[in-house]
Amino acid sequence: MFTKAIVRTPCRSLVNGLSSAGLGPPDYKKALLQHLDYIEALQECGLQVTVLPADELYPDSTFVEDVALLTPHCAVLTNPGAPSRKGETRLILKAIREFYAKVEMIEAPGTVEAGDIMMVGDHYYIGLSERTNKDGVEQMIAILRSYGLQGSMVELNDVLHLKTGLGYLENNNLLACGEFLRKPEFQKYHILKVHPKEAYAANSVWINGTVLTPKGFPKTRTLIESAGYQTREVDVSEFQKIDGGLSCLSLRF
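For clarity, every value in this text was computed on a predicted model and none was experimentally measured.

## Digging into the overall build of the protein
The secondary structure content of the protein amounts to 5 helices and 15 strands. Within the protein, buried positions represent 56% of all 253 residues. Of all intrachain contacts in the protein linking residues separated by at least 6 positions in sequence, the fraction that spans at least 24 positions is 67%. Carbon together with sulfur atoms contributes 52% to the accessible area of the protein, which is approximately 10900 Å² in total. Where the 26 positive side-chain charges of the protein centre and where its 30 negative ones centre are 1 Å apart.

## Here we look at the pairing of strand 8 (residues 150-155)
Sheet topology note: the strand 7 (residues 123-128)/strand 8 ladder contains 6 bridges and is parallel. When the sheet's bridge partners are listed, L128 is paired in strand 8 with E155. Read from strand 7 through helix 3 (residues 134-146) to strand 8, the crossover connection turns out right-handed.

## Section: the nonpolar core
Core analysis: the largest hydrophobic core is formed by 36 residues, its most contacted members being Y38, L42, L169, I207 and L212. When contributions to this core are tallied by element, the ones reaching two or more residues are strand 1 (4-8), helix 1 (28-44), strand 12 (205-207) and strand 13 (210-214). A total of 5 residues in this core trace back to one element, the largest contributor, which is helix 1. Not counting residues up to four positions away in its chain, the partners in contact with I207 are F2, L42, C45, L47, L212 and R252. Ranked by size, the runner-up nonpolar core spans 16 residues in total, among them C74, I143, Y147 and L149.

## Overview of the layout of surface pockets
Put simply, the largest pocket is a space of about 480 Å³. Along its surface, the largest pocket is lined by 24 residues, and L160, T164, A199, Y200 and D243 are the ones closest to its centre. A class-by-class count of the residues in the lining of the largest pocket yields 9 nonpolar, 11 polar and 4 charged. Size it by volume and the second largest pocket reaches roughly 150 Å³. Taken together, 13 residues line the second largest pocket, and the ones lying closest to its centre are F2, L70, T71, P72 and F253.

## Considerations on empty space enclosed by the protein
Enumeration over the complete set of coordinates arrives at 3 cavities of 30 Å³ or more. Lining the largest cavity we find 22 residues, and of these F2, E65, M119, K163 and R252 sit closest to its centre. Split by residue class, the lining of the largest cavity holds 13 nonpolar, 5 polar and 4 charged. What the second largest cavity holds in volume is close to 80 Å³. Around the second largest cavity sit L18, D60, F63, D66, R85, R131, L160, H161, I242, D243 and C248, which together line it. Split into classes, the residues belonging to the lining of the second largest cavity amount to 5 nonpolar, 1 polar and 5 charged.

## Looking at helix 1
The terminal C-alpha atoms of helix 1, which comprises 17 residues, lie 24 Å apart, in line with the 24 Å expected from a rise of 1.5 Å per residue. The set of residues buried in helix 1 consists of Y28, A31, Q34, H35, Y38, I39, A41 and L42. On an axial view of helix 1, the arc spanned by its buried residues comes to 155°, and they lie on one face. Facing away from the buried surface of helix 1 by more than 90 degrees, the exposed residues are K29, L33 and L36. Its side-chain oxygen 3.1 Å from the backbone nitrogen of K29, D27 forms the N-cap of helix 1. Positive backbone phi, at 95°, marks G46, one or two positions downstream of helix 1.

## Some points on the sheet that holds strand 15 (residues 251-252)
If you walk across this open sheet you meet the 3 strands as 2-1-15, and the pairing is mixed. At either margin of the open sheet sits one strand with a lone partner, and together these are strand 2 (48-52) and strand 15. Bridging between strand 1 and strand 2 involves 5 bridges; their strand directions are parallel. For A5, the partnering residue across the bridge sits in strand 2 and is V49. Here helix 1 sits on the sheet in contact with strand 1, strand 2 and strand 15, set at roughly 175° to strand 1.

## Section: the sheet that holds strand 8
One open sheet accounts for 3 strands, arranged 6-7-8; its pairing is mixed. Lying at the two open borders of the sheet, with one neighbouring strand each, are strand 6 (117-120) and strand 8. Across this sheet, the average inter-strand angle for adjacent strands is 25°, counted without regard to direction. Contacts from helix 3 reach strand 6, strand 7 and strand 8 within the one sheet, and its direction differs from that of strand 8 by about 160°.

Here is what the cut-offs are and how they apply
- Residues numbered from 1 in each chain as written.
- Predicted model: local features only at pLDDT ≥ 70, side-chain atom pairs only at ≥ 80, totals over all residues.
- Heavy atoms only, no water.
- Helix = DSSP H or I, 4+ residues; strand = E, 2+ residues; numbered from the N terminus.
- Buried < 20%, exposed > 50% of the residue type's maximum accessible area, 1.4 Å probe, protein only.
- Contact = heavy atoms within 4.5 Å.
- Areas by Shrake-Rupley, 256 points an atom, 1.4 Å probe, with all protein chains shown as cover.
- Lys, Arg positive; Asp, Glu negative; His and termini not counted.
- Charge placed at Lys NZ, Arg CZ, Asp CG, Glu CD.
- Pairing = 2+ DSSP bridges.
- Right-handed = clockwise from strand over helix to strand, strands pointing away.
- Core = buried A, V, L, I, M, F, W, Y, C linked by side-chain atoms within 4.5 Å.
- 1 Å grid on protein atoms, 1.4 Å probe; cavity = no way out; pocket = protein on both sides within 12 Å on 5 of 7 lines; lining within 4 Å.
- Points joined across faces, edges and corners; volume = space filled by probe spheres on them.
- Nonpolar A, V, L, I, M, F, W, Y, C, P; charged D, E, K, R; others polar.
- Expected span 1.5 Å × (residues − 1).
- Arc of directions from axis to C-beta.
- Polar contact = N/O pair within 3.5 Å; in protein donor to acceptor, adjacent residues only side chain to side chain.
- Axes fitted to C-alpha atoms, helices over the stretch in contact; angles between N-to-C directions.

Printed below as a string of structure tokens:
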């Protein structure tokens with residue numbers, strides 16, 4: 001069960017965020033409204049939400065998930081692979097220290113973005129991607145093992161981050177699409193196959209029995225509900241335009 005979350009208010013420079021989606025620039029005012037609804041959804045799931053202020057120096061800084069991994073035993077500040085995001089770990093350190101006495105760090109030349117990390121119990125799957133390199137994966141696994149946790153590397157071919165195409169919903173249920181449908185390490189889970197046209201919705205988030213799912217993907221919502229979960233839609237269309245999803249917008253712990 002999660003009890004807390006950290007989010008960061010979108011900044012006006014959000015419109016300059018990194019993007020490969022080809023959907024055009026986000027509407028800042030609309031993004032702010034969507035972010036407020038996202039916070040409300042987290043609160044509905046029982047979380048106490050810490051809202052950090054916007055920072056205009058970092059267009060992508062609302063995607064707080066990428067810059068830290070919060071485990072039951074320690075926090076790990078990542079070293080983002082995107083050069084424009086390097087300073088975001090320093091930016092969030094104070095907030096992390098308010099909740100964690102033990103804070104570890106990924107050191108260069110290792111890079112990690114925690115959108116590449118999916119937790120299943122005490123095991124952490126870590127995607128090897130354009131933003132997370134082998135050195136970073138190995139450092140992360142070593143840190144996890146030092147706290148009695150486990151990690152393994154998953155090579156990615158087609159997606160930006162591991163959780164772009166995966167969403168673990170607890171109870172052995174795994175939302176998956178694309179390349180993840182074939183990967184042997186995930187065959188032990190009950191795979192809920194996301195329709196290719198709704199691949200974005202694979203990034204849905206389980207929080208205390210409710211699954212947050214992006215608005216506008218009815219097949220995926222039905223798929224999740226058919227597996228026995230309550231769902232809560234959140235419109236994140238403006239964040240989709242800059243390669244962000246539901247999990248990216250918060251640190252949940």
